[in-house]
Every structure is written in structure tokens, then in C-alpha cells.
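# Summary of the model geometry
Chain by chain, the residues run as shown.
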Amino acid sequence: MAIPIVPTVTALLLLSLALYRFIIFPAFISPLAKIPAAHWSAPFSRLWILYYRSREEETPTIHAAHQRLGPIVRVAPNDISVNSVEGGIRNVYAGGYEKGDWYQNVFKNYDVMPMFAMPDHGPHSKRKRMLSNIYAKTTLQSSSALSTITKVLMEERLMPRLRQVAQSGKPSEFYWLFASLTSDIVSAYMFGLAQGTNYTQQSDVSARFFAHYKARQRYQFWPQDVPSLTRWLGKAGLKWLLVPKWVDEANASMQENVLTMCDAAERVVSEAGGEKDAGFPEDWPNVYAQLRNALLKEQATKTDMSGSVEELVQEQRLAVASEMLDHLFAGFDTSSISLTFLAWELSKPENTVWQEALRNEISTLQDKYDAKAVDSLPLLQAIVQETLRLHAAIPGNQPRITPAAATLGAPGHSISDLPPGVRVQAQAWSLHREPSVFPDPESWKPERWLSSSSPSPVPSPYASEAAYEHAQKEMGRWFWAFGSGGRMCVGSNLAMYDMKAIVVAIWGSFRTTVASDGVRRGDEGMVHRGGYVAEPVGKDGRFLELNVEVLGDS
Ligand code: HEM
């Protein structure tokens, strides 16, 4: 029987092309072929990394790959991970590497992108310039509004709640208490105290909100990492196969809540004619007004100004709300995760000395609400910094896209002439566990951030001031809890401010210990659960439970 030549040759040709395109090129010819593969299938397929990402197990998996294979690894045909400063985060996050669409697939509110999701440098840096000053350390430390907000929240909302817990003699759950407090502080600064949330005094409302917020985070994988399939199923009316319907409903209701806060803030600003009202500084919507006015100013330069201010405000309504939603959620989520880990560390029996030393340091404050004095407490700084190192709230991948002809990889491992469009990521989890920079990396050791002359409850690891200085410099280069470069966290100063204020309020007046009912501890099985963000979650999904004891005349 004669073999049909044309179809056979065509089939062989197609097979050879496919073999070249999907096997030979990625495994042997692509510049990425020189990078150690985290798994045998990584050069050919994304399935391996998607599997771990879908199970929220990417961070430890990538970490293990770096430990086995070095500071640059290939995790999929077009995806790499770097774990170094030189040839790593210094190159990728300093500029020129854009964000790609991974962020906008999920972090888009009201169908409008906040700066966090903006893929391109230009629009992003314009928006960031509008907002940076309102979050600058000097602005926050000199803000009488923020200091009044803090005082009201700590004295009127937190203290009564903790005194009640102490009196009850029963352990209390702390994760959602921290989420309530940080949401109240951040929203009060953004929208004004009267317009912000009051979760600390409404534990039922807050519990419902946080349960929804957290549960829906677990469905981000599909729209974020498999967007085409998710879109396609959406068009066919079958998205519910991947993401339950209530997730969209929860998102819509959260957006509605933030829009309500924005509208309330707008009434305050417009009644004051756009300018800060000296009457009740704590009720002024600092961040809202800053962005609203900056966008109006920008609009005025573009248009013929035929519209009224109300019309212009209306045009910007969703752009402002999208930005505000992002800041509010980024603000409470990360800070409450960090505070929970901090409370956990401080309340463990082996760390009692740190809790006592911190309390002594807090007792030296003349005024607990003096932000500058609080910020300059060395022990407090070391405790927060060490918690952010060991328990980074965003421990996972922060992907960027290579420009043309990129060179990546630590000295001795560098790969040049990478093509444009490669997804490259780094993760704080691994950077913060580099043993040559952070000796004994899995242990919580605030003393690594303290000089030998600082009062410390444990001996200093540094033989001299010079050794301390050298270590600080190196650790500072590798410390990545807030990211780095132009896309670095805009709220890092507010986060440090609110976390320190909360720590001072709690451990200045109360003693905490990890709860135990004789059978199980209140921190049983605590792990970092999650993908992009990692929550402190114990066995059976339980959160941290602590005993609270009131001190002296608090
Ligand atoms: C402990 C607390 C916090 C941690 C650990 C943290 C961490 C981070 C990190 C790692 C990034 C970069 C993410 C990436 O590129 O994928 C980031 C960005 C961002 N964070 Fe935070 N954050 C914290 C608190 C806050 C607060 C309080 C706010 C708002 C008030 C905030 C608002 C933002 C925004 C808007 C961005 C995007 C910045 C940009 O695109 O330029 N964060 N944060």
C-alpha cells in the first residue's frame, strides 16, 4: 500500500516543529535552559508551579528549590525565581521591569485599577507622587489628627475590650482583634475618624467581615493565574465551577462599603470647600482628600473646566474609591498578620524576658502617644523588625516582567541575554532566611537588630560596634518585608506607626501568655497559611488565643 506522501510529510513537519518548540528549544536552546530547573517538568510546562500555587504552597516549594539549586531557579518554561540582592532584587525591582497582568487580574476594584495593579511605570509613578507625601514618616509623626485618632482608638475602644477579657479570666482570640484595630486606624486616617470603621467595638460585625474577606482570598488563584480559562468559563456561565458565586457577591458588598465611606468623606471635604477644616482634625479624610484634590487639579489642566467641581468629583468617584479600597485592605490585612505573629512570639514562655524588657522600655515613655518617642524605642523597633523578617506578611512571589536583554542571577550564577517577557519573581520568605546574612534564620531573635550598647535581655551577638554596623548594613539590604524600588509599599510608615502604637498600648498595660486549657495550647499548630499573603493560622483553622492579665492600675 502506497503511503500518502503529502499528508505524511506535513504531519512529520508539524511534529518536528512541535518537538522543537515545546521540548528542544525550552530545554536546550533558550537562554533560560542554563538556569537550574526546580522540577524536571519546569522547562516544558507551568503545571508543576500552578499545582503548588493553587494549594497555597508555592512559597515553601520555591524556597526548597533555592536551597537545593542556588540563587536563580526556573519554575516554568518562562518563569524564574531569584534569591539574591545583586543580580536579584536590586536589578528586578529598581525599575525597567514592569508588573505584567498578574496583579490587575485580581486587584482591580469597580473595574478601575489602583496604582498597585497598574502594569506600567508611567501612570503608576504619577499616582504614587500624588500619594507619597500623605504617608511620609514626617507627615505621620507631626499629624495631630493621627495622634488624636490613636488616643481615641486605644483608650476608648481597645482598653475597655482588653480589660473585659482580663476580667473574664478566659483566653481571647487576637488575630481579628488586630484586624479590627488596624482597620479602624487606617480607615480613620484615610476617611476621618467619624467616617471610618469601628470594628474594635463591633466584634460580631467585624468577625463576619473578616471571615468573608479571608475566605474569598483563597479563590484568587483562578482569575489570577489561569485568567483565560476563568474568563472563558465566565462567558459560558460556568465560572461557579472554579469560584463560588458568593465570592463575587462578597466583593460587591465590600466595594459598596468603601464607596459609602468615600461618599461620607466627600461630604466632609466639599462642605469645607476642599480645604482642611481646623475644627476636628481627627475627622478630616486625609488620604481621600489628598487624592481627590490631586486628581481634580490634574483634570483642571486637561479639560476646559466647563464642569462644576461636583461633576468633576463624580467623574473621579470610582478611581478614588478603587485606590482607597486597596489601601484600606492592604493596610489592615498585612499589619494584622504581622501583629498576630508578634503577639505570638512575645507570649511564648521562652520569650517572657522579651515581653518584660519591652514593658520596661515602654514605661520610660513620658507620653505614649508621642509618635517620635515611640518610634525611637530600640527594643520595640528590634521586635517589630525581627517579626517582619521571620513572619513577613507578604512572604510570597512578587512577579515582574523582564525587559529586553536582561541579566539576572547572583555573581557566579548570572545568566545574560534573557529575552523580554520572562516572568521573574523574588520572595521575602527566602531572602529573609539567607543564613549568611541572618544566622540561625528560623529563630526569632530581636537581638540581631540591637547594638551591643543597647539594653537587651539577652547577650549581644556582636563582638564590637563595627561588627554590629556591618551586620545592620547587610541585613538592611536583604530585608524585604515592604518590597523595594518604585513599587515599594506606600504605607510602610503608617504600618510601622500603627503596629508600634498598638504594641505600646497593649504591652504597656497588660501581660499576655499563650493560652492553654491543659490539653491544647492556644497557638497549637500555628503556621503561615496562604500564597501571596500568609495568615497565622493554627490547627483546625483556629487563630491565636492568648491569656490577658491586667497590670498595676491600667
Ligand atoms: C506590615 C504591614 C505591611 C506590609 C508587610 C506591606 C507590604 C507590602 C509589599 C511587600 C508591597 C509590594 C507588593 C508587590 O509589589 O507585590 C506593598 C505595596 C503596597 N502597600 Fe503595603 N504593606 C503593609 C502595610 C500597608 C499599609 C498600612 C498600606 C496603606 C495604607 C499599604 C498599602 C500598599 C500599597 C497601596 C501598595 C502598592 C504600592 C505601589 O504599587 O506603588 N501597605 N506592601
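Fair warning: this is a prediction, and the values are worked out from it, not measured in the lab.

Parameters at a glance
- Residues numbered from 1 in each chain as written.
- Predicted model: local features only at pLDDT ≥ 70, side-chain atom pairs only at ≥ 80, totals over all residues.
- Helix = DSSP H or I, 4+ residues; strand = E, 2+ residues; numbered from the N terminus.
- Rg over C-alpha atoms; globule rule 2.2 N^0.38 Å.
- Buried ≥ 20, exposed ≤ 12 C-beta atoms within 10 Å, placed from the backbone.
- Contact = placed C-beta atoms within 7 Å.
- UniProt positions renumbered as here; feature names shortened; annotations may be inferred.
- Pairing = 2+ DSSP bridges.
- Near = placed C-beta within 6 Å.
- Nonpolar A, V, L, I, M, F, W, Y, C, P; charged D, E, K, R; others polar.
- Axes fitted to C-alpha atoms, helices over the stretch in contact; angles between N-to-C directions.
- Parallel < 35°, antiparallel > 145°, perpendicular 65-115°, else oblique.
- Left-handed = near helix turned anticlockwise from the far one by under 90°.
- Expected span 1.5 Å × (residues − 1).
- Bend = angle between axes of the 7 residues up to and from the residue.
- pLDDT = per-residue confidence, 0-100.

Another point: the overall build of the chain. Looking only at helices and strands, the chain features 20 helices and 11 strands. Computed over C-alpha atoms, the radius of gyration of the chain comes to 25 Å, within 12% of the 24 Å expected from 2.2 N^0.38 for 554 residues, which places it in the range of a compact globule. Its C-alpha atoms give the chain principal-axis dimensions of about 100 × 70 × 50 Å. Per-residue burial for the chain yields a buried fraction of 41% across its 554 residues. Residue pairs at least 24 apart in sequence account for 73% of intrachain contacts in the chain once pairs closer than 6 positions are excluded.

Attention now goes to the UniProt feature "binding site: heme" (unreviewed entry) in the chain. Taking the numbering used here, the UniProt-annotated feature "binding site: heme" (unreviewed entry) corresponds to Cys489. Turning to its location among the elements, Cys489 is positioned in the loop between helix H19 (465-478) and helix H20 (492-509). A residue is classified by how many C-beta atoms lie within 10 Å of it, and Cys489, with 18 of them, is partly exposed. Residue contacts for Cys489: discarding those within four places in its chain leaves Phe482 and Gly483.

Positionally, Val165 belongs in helix H7 (residues 144-168). C-alpha of Val165 to C-alpha of Glu549: the two residues are 384 residues apart in sequence and 8.5 Å apart in space. In this view, Val165 contacts Ser172 and Val548; residues no more than four positions away in its chain are not counted.

Turning next to the sheet that holds strand E8 (residues 510-514). Taken in spatial order, the 3 strands line up as E3-E11-E8 in an open sheet, and their pairing is antiparallel. The open sheet has two edge strands with one neighbour each: strand E3 (172-173) and E8. With 5 bridges connecting them, E8 and strand E11 (residues 545-550) associate as antiparallel partners. Its bridge partner being in E11, Thr513 is matched across the sheet by Asn547.

This part is about the site of the ligand. The environment of the ligand is formed by 23 residues, the closest being Gly331, Thr334, Gly483, Cys489 and Gly491. The dominant element in the shell around the ligand, judged by the number of residues it contributes, is helix H14 (residues 309-347), at 7 residues. Within the shell around the ligand, the residues separate by chemical class into 12 nonpolar, 8 polar and 3 charged.

Turning to the packing of H7 against H20, a few remarks are in order. Helices that pack against each other are described as a pair by the angle of their axes relative to one another and the distance between those axes. Contact pair H7 / H20: the axes reach a minimum separation of 11 Å and the direction vectors enclose 40 degrees. Classified by the interaxial angle, the pair formed by H7 and H20 is oblique. For H7 against H20, the interelement crossing comes out right-handed. Seen from H7, the contacting residues are Thr150, Met154, Leu158 and Leu162; seen from H20, they are Ala501, Ala505 and Ile506. Looking at side-chain class alone, the contact of H7 with H20 contains 6 nonpolar, 1 polar and no charged residues.

What follows covers unusual backbone geometry. The backbone of Asp111 sits at a positive phi, close to 70 degrees, despite the residue not being glycine. Looking at the element boundaries, Asp111 is found in the loop between helix H4 (85-92) and helix H5 (121-131). Despite not being glycine, Ala405 has its phi angle at roughly 55 degrees, a positive value. Tracing the backbone through its elements, the reader meets Ala405 in the loop between strand E4 (400-401) and strand E5 (406-408).

The next thing to look at is the sheet that holds strand E1 (residues 72-76). The strand order E1-E2-E7-E4 describes an open sheet built from 4 strands, whose pairing is mixed. Looking at the sheet topology across the chains shown, the edges are occupied by E1 and E4. Strands in contact with helix H3 (residues 58-69) are E1 and strand E2 (79-82); relative to E1, the strand with the most contacts, it is inclined by about 135 degrees.

With that settled, consider helix H1 (residues 5-29). Between its terminal C-alpha atoms H1 stretches only 31 Å, short of the 36 Å expected from 25 residues at 1.5 Å a residue. Tyr20 marks where H1 bends most, by close to 40 degrees. Counting buried positions over the 25 residues of H1 gives 1, only a small fraction of the element.

The element E1 is extensively covered by neighbouring structure, given that 5 of its 5 residues are classed as buried. As paired strands, E1 and E2 are joined by 4 bridges and run antiparallel to one another. Within the sheet, the bridge partner assigned to Ala76 lies in E2 and is Asp79. The turn linking E1 back onto E2 is made up of 2 residues.

What follows is about the packing of helix H15 (residues 352-363) against helix H17 (residues 378-390). Where H15 meets H17, the closest approach of the two axes is 9 Å, and the angle between their N-to-C directions is 140 degrees. If you check the angle between H15 and H17, you find them oblique. Contacts from Trp354, Ala357, Leu358 and Glu361 of H15 reach H17 at Leu379, Leu380 and Ile383. Looking at the contact of H15 with H17, its residues break down into 6 nonpolar, no polar and 1 charged.

Using the residue numbers shown here, the UniProt feature "transmembrane region" (unreviewed entry) corresponds to residues 6-29. In the segment residues 6-29, helix accounts for 100% and strand for 0%; the C-alpha atoms at its two ends are 30 Å apart.

Next up on the list: the confidence of the model for the chain. In this model, the chain carries a mean pLDDT of 93, and residues with pLDDT of at least 70 account for 98%. Across the assembled chains, the prediction reports ipTM 0.99 with pTM 0.95.

This brings us to the environment of Ala343. Along the polypeptide, Ala343 turns up in helix H14. A residue is classified by how many C-beta atoms lie within 10 Å of it, and Ala343, with 26 of them, is buried. Spatially, the C-alpha atom of Ala343 lies 9.9 Å from that of Glu545, the residues being 202 residues apart in sequence. Aside from chain neighbours lying at most four places away, what touches Ala343 is Phe174, Thr512, Leu544 and Leu546.

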